[in-house]
Amino acid sequence: MSRIPARFAALTSQGRKGLVTFITAGDPDMATFQKILMGLPTAGADIIEIGMPFSDPMADGPSIQLSSQRALKHNIALPNIFEGISAFRKVDTSTPIVLMGYYNPIYRYGAAKFSKDAAAAGADGVIIVDLPPEEADELLPHLNDNGLNFIFLTAPTSSDQRLPKIISKASGFIYHVAVMGVTGTKSADANLVHADVARLRRHTSLPIAVGFGIKTAAQVKAIAAHADAAVVGSAIVDVIAEGAKKYPGQADTIAAEVHRFVKDLAVGVR
Amino acid sequence: MALVQTPNTFRAGADENGHFGIFGGRYVAETLMPLILEVEKAYNAAKADPAFQAELTSFNTHYAGRPSPLYFAERLTAHFGGAKIYFKRDELNHTGSHKINNCLGQILLARRMGKPRIIAETGAGQHGVAIATVCARFGLQCVVYMGAKDIERQKPNVFRMKLLGAEVRAVEKGHGTLKDAMNEALRDWVANVENTYYAIGTAAGPHPYPTMVRDFQSVIGNEVRTQLHEAEGRLPDSVVACIGGGSNAIGLFHPFLDDASVRIIGVEAAGKGLATGEHSASITGGEPGVLHGNRTYLLQDANGQIKDAHSISAGLDYPGIGPEHAWLHDMKRVEYVSATDTEALAAFQLCSKLEGILPALEPAHALAYVTKIAPQLPKDHLMVMNMCGRGDKDVFTIADALGAQM
C-alpha cells in the first residue's frame, strides 16, 4: 500500500510542511543516480519523485530535457528504474516514491504490467504529465488494483468546473503546477499560489504539493506556507548536471553535492 | 484473427472525446487541457456558423485561389500506358501548397477567439510560410518553430517567412526536425496560453486538431468530386496522396471514404529504405503509441522512446501520422504504402520533364507510387493524385542529391 498518506500524516503531526525532490532515473548514470537516491531522505527529502526519462518531454524546460537525454544515453528503461527502487526499499521502507513521466513508455510496457511491477518494486504513486483525467481510465484501474496512488496535476488554468473531474480520480496528493509554463523556467509567485491552493482546498481534502518554478530554500518556505509540500526539480537536476561535468564518473562526490543542496532546501520546511 | 468490423460510415469520427477507435484523444498536460477544450468549443461554434463558412469560402476563393484545377496529366498517362492520371493542382494555391487551406481556417478561428499571437511548427516550411502569410494578412504576431536541420535545408522558405514578418525560432534540440519543432511549440503554448493560438499544421495533435484540420483540408476532395464529375461524369477509381502527418491526404480521402468503389492509397516516406531503419513510414514501420497529444502509429523503440524519422523530404520527416489515418489503416479502408528517397527523386525528374511541373518532394513520393501501379491498370481507370506542393523550395536539396552544381 502507498506510503504517501502516512507521510503526510507524519508531517502534520510534526507540525511542518514537506519537501518533494525530483531526480531523473539514470541521470547522469545508473550508479550515480542510485547513490543520490539513497541519500535523499537523510538530506531532507520527505517524498521522492523519480523521473522516467522520455525522448520528448513536452512539459519540461531545458534542465529536465537534458537530464532525460543523459539518462537515455545509457538506455535507461522501466526495468532499470524498478531495480533502483527495489534497492532503495531495502534500506528505506517509509519514504514515499512517486514515478513521474510521460505515457508512451508505460503504454509500450503495458499499463497492467507497469502497475504491478512498480508496486512490487516499492513505488507508491505515479504522475503522468500527458494523461489528463479524460484519458486516464486505461491506467487508473491497474494502479488501484496495485495500491498505487494516481497523482494528478492541476494548473492555474484548471477551472472550478474542471477541478472535480480531476479530483474524482486523484489519490495520494494533488500536484499543483504553480506557473503557466514548462518546468524550471518562470519563478512561482507565492501570492498566486496562495489563491490557487485556497481554491483547490474548496474541492478536496487531499494534501496539496506545489511545484514548477521553485529553486531555493526561501521559495520552498514561501510556497510551502500555502501548501502541504513544495516540489523542487530543475534546480536539483542542474546540480547533478554540474556535478557530472565537474566530477565525471565520481558518483560519491556528485551525490554529496546534490545532498548538500537538498539539505539547504530542506531548511525551508524545517 | 477477428474480422475488422466495418462501420456504417467511415466519415463520422472523431467521437466526442476525440477518438478514432483507439487512436486520437487528448494526451496533453493539464495546463493545456482547458485551452484545447476552448479551441474545440470555438471550432464547433464556428463550424455551425454560416458567416464563418462564408468568410472562409471567400478567402479561399479570392486569396488562396480556389478551386485549384484538376489537371489531366496527358503525357505521364501516355508514358505509363495505363491508368488515366489526374493531378489535383493544390501546388497552385497561394503560397505553393495545400497548407493555406488549413491556415485560413485556423486563423479565422483564432480571430474569433480573440488571440493576437499565433505560434506554429513547420518542417519543410510550407506550413510556416502559409501561416506567416495569413498572419501578415490579418496583422497577427507570428512565431514559427523550425528544426535547425530543416532551416538549413529549406532556406528559401525561412527567408520567405521572415519577409512576411514572422519570427522563425530555430530548434536545436533532438535532431532539429519537425518533431522537435512541435515539442517547442507546445512548450511555448503552455507558457503563453492567455494570448496565444497554436496553429498546428497537420491533421495530428490533440483533439480537435485532427478533425478540424481535416475539415479545412476536405475542400480538396470535395472539389475533386465535383471536378471529376464534370470531366468524366463519375467518381475516381483511385485517389493517391503522400503522407507525413497526413493533412493533404485526409483532405483528399475523406470525401471518398464511404464510396466503396474508390481505392484509396496513402504513400509514406520510406527514406533510405524500410530495412535500413532510416525512414518516416510510421504505419508501415511503426507501432501504436502516444506523442504530441494523440495516440497513433509512431516510430519508436521497444522502450517507447520516439525514434527520429528520416526522409529527403522535410515535410514527411515526422515519426508519427494523423490519428484518423491510423484508424483507417486498422479498418483496412485505406492502403498505406511507401516510396524511398530515390524513387521520389526519379518521379520528381520524370514529372518535371514530361509535364512541366516541378512537384515538391512530398507529392513526388505519391507520384513514385503512381509510377509503380499506373502501368498495370486499365486505360479507363481514373486516378487522382494530389499535387499538394510545388518543388521550387526543394531545388537545392535536389541539386545536392543529384550531385549537380547549381
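Fair warning: this is a prediction, and the values are worked out from it, not measured in the lab.

What to know about helix α7 (residues 155-163) of chain B
Residue and element names in this part refer to chain B.
Move 1: All buried positions along α7 are accounted for by N157, V158 and M161. The buried side chains of α7 occupy one side of the element, clustering within an arc of 105° when seen end-on. Along α7, the residues that are exposed and aim more than 90 degrees away from the buried face are F159 and L163.
Move 2: Of the residues trailing α7, G165 is marked for its positive phi of about 95°.

Brief notes about the interface of chain B and chain A
Move 1: The interface is formed by 39 residues belonging to chain B together with 38 residues belonging to chain A.
Move 2: Contact with chain A buries area across many residues of chain B, yet B:E30, B:R187 and B:Q305 alone supply 23% of it, more than any other trio.
Move 3: Counting across the interface, chain B meets chain A through four salt bridges.
Move 4: Measuring nitrogen to oxygen at the nearest pair gives 2.7 Å for the salt bridge that ties B:E30 to A:R162.
Move 5: Our count for the chain B to chain A interface comes out at 20 residue pairs in polar contact (both at pLDDT 80 or more).
Move 6: Considering each element in turn, the side of chain B that touches chain A owes the most residues, seven residues, to helix α8 (residues 178-191) of chain B.
Move 7: Within the side of chain B that touches chain A, the residues separate by chemical class into 18 nonpolar, twelve polar and nine charged.

Details of the sheet that holds strand β12 (residues 293-298) of chain B
Residues and elements named next belong to chain B.
Move 1: As summarised here, the arrangement of the four strands in space is β1-β2-β12-β11, forming an open sheet in which the pairing is antiparallel. Every other strand in the sheet has two partners, leaving β1 (19-20) and β11 (287-291) as the edge strands with one partner each.
Move 2: Of the strand pairs in this sheet, β1 and strand β2 (residues 23-27) are connected by two bridges, and their pairing is antiparallel. Looking at β2, one finds that H19 is bridged to G24.
Move 3: Against the sheet, helix α13 (residues 323-330) makes contact with β1, β2 and β12, and its axis sits at roughly 45° relative to β12, the strand it touches most.

Some words on the confidence of the model for chain B
Move 1: Per-residue confidence for chain B averages 95 on the pLDDT scale, and 99% of its residues sit at or above 70.
Move 2: At the level of chain-chain contacts, confidence expressed as ipTM amounts to 0.96, with global pTM at 0.96.

Some words on the layout of surface pockets
A probe matching the size of a water molecule, rolled over the atoms, marks out where space remains unfilled.
Move 1: Reported here for the largest pocket is a volume of approximately 470 Å³.
Move 2: Every residue lining the largest pocket is counted, 24 residues in all, and those nearest its centre are A:S55, A:Q69, A:L72, B:K179 and B:I306.
Move 3: Every element with two or more residues in the lining of the largest pocket is listed here: α3 (62-73) of chain A together with α8 of chain B.
Move 4: A per-element tally of the lining of the largest pocket places α3(A) first, with five residues.
Move 5: When the residues that make up the lining of the largest pocket are grouped by side-chain class, the tally is five nonpolar, ten polar and nine charged.

Calculation criteria
Residues numbered from 1 in each chain as written. Chains lettered and ligands numbered in written order. Predicted model: local features only at pLDDT ≥ 70, side-chain atom pairs only at ≥ 80, totals over all residues. Heavy atoms only, no water. Buried < 20%, exposed > 50% of the residue type's maximum accessible area, 1.4 Å probe, protein only. Helix = DSSP H or I, 4+ residues; strand = E, 2+ residues; numbered from the N terminus. Arc of directions from axis to C-beta. Contact = heavy atoms within 4.5 Å. Buried area = accessible area lost by both parts, 1.4 Å probe. Salt bridge = Lys/Arg side-chain N within 4 Å of Asp/Glu carboxyl O. Polar contact = N/O pair within 3.5 Å; in protein donor to acceptor, adjacent residues only side chain to side chain. Nonpolar A, V, L, I, M, F, W, Y, C, P; charged D, E, K, R; others polar. Pairing = 2+ DSSP bridges. Axes fitted to C-alpha atoms, helices over the stretch in contact; angles between N-to-C directions. pLDDT = per-residue confidence, 0-100. 1 Å grid on protein atoms, 1.4 Å probe; cavity = no way out; pocket = protein on both sides within 12 Å on 5 of 7 lines; lining within 4 Å. Points joined across faces, edges and corners; volume = space filled by probe spheres on them.

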